[in-house]
Amino acid sequence: QVQLVEAGGGLVQAGASLRLSCAASGRTFSFYAMGWFRQAPGKEREFVAAISFSGSSTYYADSVKGRFTTSRDNAKNTVSLQMNSLKPEDTAVYYCAADKWGSGSSDANSYDYWGQGTQVTVSS
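For clarity, every value in this text was computed on a predicted model and none was experimentally measured.

Cut-offs and rules
Residues numbered from 1 in each chain as written. Predicted model: local features only at pLDDT ≥ 70, side-chain atom pairs only at ≥ 80, totals over all residues. Heavy atoms only, no water. Helix = DSSP H or I, 4+ residues; strand = E, 2+ residues; numbered from the N terminus. Polar contact = N/O pair within 3.5 Å; in protein donor to acceptor, adjacent residues only side chain to side chain. Core = buried A, V, L, I, M, F, W, Y, C linked by side-chain atoms within 4.5 Å. Buried < 20%, exposed > 50% of the residue type's maximum accessible area, 1.4 Å probe, protein only. Contact = heavy atoms within 4.5 Å.

Before going further, it helps to spend a moment on the environment of Trp-36. The residue Trp-36 is located in strand β4 (residues 32–39) in this model. Taking the C-alpha atoms as reference, Trp-36 lies 6.4 Å from Phe-47; in sequence the two are eleven residues apart. A polar side-chain atom of Trp-36 sits 3.3 Å from a polar atom in the side chain of Thr-70.

In structure tokens, the structure reads:
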């Protein structure tokens, strides 16, 4: 069992930066690929970024490539999402998710555990 807790959301203006973090419980964090997803009001949950369990590989949605960076610290059981040059269309609830022995899938169905989400609002 893995419990995930996100933090770092907030209200910012377009062009600003935010850093989201996700803290995981348990001793087997390094067994899990980690993903970031988001869901805006009235829209489907969508893939944002993912990182392999070793941290050696990262994956991004086209909409955030070049602006967002995900990283992890397996010693601290944390994964982060650095979001730069934020746009109003980035407004959503952001979730981190864990996929045991995964490789960093963009498919939400691959993930076993989910956090409660953190709100990111970008004003124009």
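Next comes the rest of the write-up.
Our focus in this paragraph is the nonpolar core. Met-34, Leu-81, Met-83 and Tyr-94 are the most contacted members of the largest nonpolar core, which has 34 residues in total. Mapped by element, the contributors of at least two residues to this core are β3 (18–24), β4, β5 (46–51), β8 (78–83), β9 (92–100) and β11 (118–123). Contacts of Met-83, omitting those with residues within four sequence positions, involve Ala-16, Ser-17, Leu-18, Leu-20, Arg-67, Phe-68, Tyr-94 and Val-120.

Any functional reading would require information beyond the geometric quantities listed.
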